[in-house]
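Read off the chains here:
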Amino acid sequence: MLLTLVIVYLLVTIAIGLMAAKRVQNSADFAIAGRHLPMAMIVTTTFATWFGSETVLGIPAKFVNGGLNGVVEDPFGAGFCLIFVGLFFAGKLYRMTLLTISDYFRERYGRVVEVACSLIIMVSYLGWVSAQVTALGLVFNLLSDGVVSMELGMVIGVVSILAYTLFGGMWSVAITDFIQMIILVLGLSVLAVFAADQAGGADKVVALAISQDMFKFWPEPNMKDILFSLPRPSPSCWVRFLSKTCFSASCRPTASRPPRMAL
């Protein structure tokens, strides 16, 4: 039953994405939605950029193993990165009417630097994209009780996403992100209530975390631990925001405010 619902959800998402593709008339519409996305969509798309499988599956596991000190890089490092980009870079880059962040490097430093930076960005994305695809395969594998292998689940997930992304570009991504993030927030809120009830109350969960010193955030007072505990946001953090949301905004305030709101 649950697997059927997931399949129906995927089919509906593909249909919505393909319908959104009707808005695409040129390369600007495909890459940055013609710079017409409203504040609400920019916020949900920014939120969706960070709220992937590493947030739902990876960060909780790291928190259980290492407490708050184990999740400094993400979400804290990535969160500060978002704020800094919104405060200092988004507005200025938005005025340059760029299609991608690589366009900035071409205009400022030339074609060679543009290509080099594009290759670096592609490499930095490999780990992030791999995590999303692996999570898709894991979901299908678990929901089907092993009938669908992880490899086949990964293929199904990738094909589903490509089905509307290749046709609708940023319009399809933004509209499906908007719907999916609403469902995700509502679903996790309901799940939190049920999980707390099964644990005997949220207070017991918090008390257990405190007893195991899991809310310890600051590192030990030595240079090695301090350096390795500093927020270390990847270059892909701000690249994802700029290329996926900032350049698609309808106006400058819409480009610079969502990073703080999405957090």
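Just so you know, these numbers come straight off a predicted model, no measurement behind them. (Residues numbered from 1 in each chain as written. Predicted model: local features only at pLDDT ≥ 70, side-chain atom pairs only at ≥ 80, totals over all residues. Heavy atoms only, no water.)

What should I look at first to understand the pattern of salt bridges in this one?
Any two side chains of opposite charge can pair, given that their charged atoms come close. In the structure shown here, the tally under the stated rule is 3 salt bridges. With a shortest N-O distance of 2.9 Å, E114 and R111 are connected by a salt bridge. You can see E114 and its partner R111 sitting in helix α7 (residues 111–143), 3 residues apart, about one turn around the helix. Under the relative-accessibility criterion, E114 is labelled buried at 8%. In this structure, a network of salt bridges that share partners links the residues D103, R106, R111 and E114. (Salt bridge = Lys/Arg side-chain N within 4 Å of Asp/Glu carboxyl O. Helix = DSSP H or I, 4+ residues; strand = E, 2+ residues; numbered from the N terminus. Buried < 20%, exposed > 50% of the residue type's maximum accessible area, 1.4 Å probe, protein only.)

I tried to follow the layout of surface pockets on my own but got confused; where do I start?
Rolled over the atoms, a probe with the dimensions of a water molecule shows which regions are left empty. When its volume is computed, the second largest pocket comes out at roughly 900 Å³. Lining the second largest pocket are 26 residues; nearest its centre among them are F51, T55, I59, P60 and P75. Secondary structure elements with two or more residues in the lining of the second largest pocket: α3 (39–50), α4 (53–66), α5 (72–94), α8 (150–198) and α9 (202–211). Partitioning the lining of the second largest pocket into residue classes produces 22 nonpolar, 3 polar and 1 charged. (1 Å grid on protein atoms, 1.4 Å probe; cavity = no way out; pocket = protein on both sides within 12 Å on 5 of 7 lines; lining within 4 Å. Points joined across faces, edges and corners; volume = space filled by probe spheres on them. Nonpolar A, V, L, I, M, F, W, Y, C, P; charged D, E, K, R; others polar.)

Looking at this structure, I do not really get the environment of V56. What am I missing?
Counting through the fold element by element, V56 comes out in helix α4. In the structure, V56 is positioned 132 residues away from L188 in sequence and 9.7 Å away in space, judged by C-alpha atoms.

Can you help me understand the nonpolar core in this one?
Within soluble globular proteins, side chains that are nonpolar tend to cluster in buried spots. Counting residues in hydrophobic clusters, the biggest one holds 23 residues, and the most contacted among them are L37, L93, I101, Y104 and F247. Breaking this core down by element, the ones donating at least two residues are α3, α5, α6 (101–109), α7 and α8. By residue number, the principal contributor to this core is α8, which donates 4 residues. (Core = buried A, V, L, I, M, F, W, Y, C linked by side-chain atoms within 4.5 Å.)

Before we go on, may I ask you to explain the packing of aromatic side chains in this structure?
Think of a pair of aromatic rings as described by two things: how far the centres are apart, and how the planes are tilted against each other in angle. Applying the stated rule across the entire model yields 3 aromatic pairs. Taken together, a centroid distance of 6.2 Å and an interplanar angle of 40° make the contact between F63 and F215 tilted. You can see F63 sitting in helix α4 and its partner F215 sitting in the loop between α9 and α10 (223–229), a full 152 residues away along the chain. For F215, a relative accessible area of 42% translates into the label partly exposed. Geometrically, the ring pair formed by Y104 and F105 is edge-to-face, given 5.5 Å between the ring centres and 70° between the ring planes. The same class applies to Y104 and to F105, which are both buried. Taken together through their ring pairs, the aromatic side chains of Y104, F105 and Y109 make up a single cluster. R23 extends its terminal NZ or CZ atom over the ring of W171, reaching a point 4.6 Å from the ring centre. The ring of Y94 carries the charged tip of R35 above its face, separated from the ring centre by 3.8 Å. (Phe/Tyr/Trp six-rings, centres within 6.5 Å; stacked < 30°, edge-to-face > 60°. Lys NZ or Arg CZ within 6 Å of the ring centre and 35° of its normal.)

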